[in-house]
Amino acid sequence: GIPGGSTYGSDVAPVDLGSGAGYDPSNDGVVIGSYGGGLVRLIIRGTLTLGGNITSNGENSAYYYAGGGSGGSVYITANNLTGSGLISANGGAGNGHTAGGGGGGRIAVYYQASTFTGKTEAKGGVGFGNGEDGTVVFEAFSSNAPFTFFSLSDKSSTTSLLSEILSVQGVDLNNVSVTGDLKG
């Protein structure tokens with residue numbers, strides 16, 4: 001069987017993309033593995049209000065002998081953090097009796113003040129062998145230094161799909177509210 005995926009990259013400053021999954025080409029002919037999660041990096045000088053979801057999850061397998069993609073990275077720095085949304089970098093589920101789940105990704109959230117009551121998770125995907133759980137760092141910092149740029153990258157860990165990259169630098173964002181889904 002195909003084992004579950006492991007977790008990799010920095011747990012305190014995560015910037016790695018999730019890995020695509022493996023597959024067994026000897027069974028079902030043309031089969032591809034699942035895609036890994038992307039990267040979401042936010043630096044907010046004022047308040048981040050999270051009422052929706054920020055995710056960088058690995059893809060669940062669509063084919064019987066293919067594993068789940070590993071979770072990507074979510075790295076957030078905000079002076080103030082509020083809301084009750086979800087931050088996740090979960091591994092995707094493997095499909096069938098021989099396919100492993102993807103490893104969980106990495107989440108790091110740093111804030112000066114927080115009333116956030118939401119959920120953060122970086123779970124390994126289920127499968128023949130479950131993926132290893134990722135990590136979540138959620139802690140206060142004491143610096144009063146202002147943050148002066150914002151960068152969001154949405155990348156795929158595969159070359160077979162188009163990748164969109166949105167990058168805005170040199171912009172001073174004071175307050176950001178996420179009410180829908182922000183996916184990496």
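Residues numbered from 1 in each chain as written. Predicted model: local features only at pLDDT ≥ 70, side-chain atom pairs only at ≥ 80, totals over all residues. Heavy atoms only, no water.

## Observations regarding the overall build of the protein chain
Helix and strand counts for the protein chain come out as zero helices and 11 strands. When the elements of the protein chain are put in sequence order from the N terminus, they spell out β-β-β-β-β-β-β-β-β-β-β. When the 184 residues of the protein chain are sorted by exposure, 46% land in the buried category. Pairs at least 24 apart in sequence give 75% of the contacts found in the protein chain among residues at least 6 apart. For the protein chain, the computed accessible surface area is about 8,500 Å², with 51% contributed by carbon and sulfur atoms. (Helix = DSSP H or I, 4+ residues; strand = E, 2+ residues; numbered from the N terminus. Buried < 20%, exposed > 50% of the residue type's maximum accessible area, 1.4 Å probe, protein only. Contact = heavy atoms within 4.5 Å. Areas by Shrake-Rupley, 256 points an atom, 1.4 Å probe, with all protein chains shown as cover.)

## Some words on the nonpolar core
Residues Leu42, Leu48, Ile54, Ile76, Ile87, Ile107 and Val109 are the most contacted members of the largest nonpolar core, which totals 17 residues. Where this core is concerned, the elements lending two or more residues are strand E1 (39–50), strand E3 (73–83) and strand E5 (106–114). Here the element with the most residues in this core is E1; it accounts for five residues. Filtering out sequence-adjacent residues up to four positions away, isoleucine 107 remains in contact with Asp11, Pro14, Val74, Ile87, Ser88, Ala89, Glu121, Ala122, Thr135, Val136 and Val137. (Core = buried A, V, L, I, M, F, W, Y, C linked by side-chain atoms within 4.5 Å.)

## What to know about the pattern of salt bridges
Note that side chains of opposite charge can pair when their charged atoms are close. Scanning all chains against the criterion turns up two salt bridges. Of the charged contacts, one joins lysine 119 and glutamate 121 as a salt bridge, the two residues approaching to 3.4 Å between their closest N and O atoms. Among the residues examined, lysine 119 registers a relative accessible area of 48% and is labelled partly exposed. When the shortest N-O distance is used, the salt bridge between glutamate 121 and lysine 123 registers 3.7 Å. Residue classification places glutamate 121 among the buried positions, given a relative accessible area of 14%. (Salt bridge = Lys/Arg side-chain N within 4 Å of Asp/Glu carboxyl O.)

## Some remarks on the confidence of the model for the protein chain
Confidence in the prediction of the protein chain, expressed as mean pLDDT, is 78, and 71% of residues score 70 or more. Confidence drops under a pLDDT of 50 for residues 144–172, and excluding neighbours within four residues, the segment shows 57 contacts in the predicted structure. (pLDDT = per-residue confidence, 0-100.)

## A word on the packing of aromatic side chains
Scanning the entire structure with this criterion turns up three aromatic pairs. Where tyrosine 75 meets tyrosine 110, the ring centres are 6.3 Å apart and the plane angle is 70°; that geometry is what we call edge-to-face. Of this pair, tyrosine 75 sits in strand E3 while tyrosine 110 is found in strand E5, placing the two residues 35 residues apart along the sequence. Owing to a relative accessible area of 16%, tyrosine 110 belongs among the buried residues under this scheme. In this structure an aromatic cluster arises from ring pairing among Tyr111, Phe116 and Phe138. Over the ring of tyrosine 75 we find arginine 41; its NZ or CZ atom is 3.6 Å from the centre of that ring. (Phe/Tyr/Trp six-rings, centres within 6.5 Å; stacked < 30°, edge-to-face > 60°. Lys NZ or Arg CZ within 6 Å of the ring centre and 35° of its normal.)

## Some points on the pairing of E3
Counting buried positions over the 11 residues of E3 gives eight, a clear majority of the element. Two elements, E1 and E3, share 10 bridges in a ladder whose sense is parallel. Residue pairing in the sheet places valine 40 in a bridge with valine 74 of E3. (Pairing = 2+ DSSP bridges.)

## Concerning the environment of alanine 140
Looking at the element boundaries, alanine 140 is found in strand E7 (residues 135–140). A C-alpha to C-alpha distance of 5.2 Å links alanine 140 and glutamine 112, two positions 28 residues apart in sequence.

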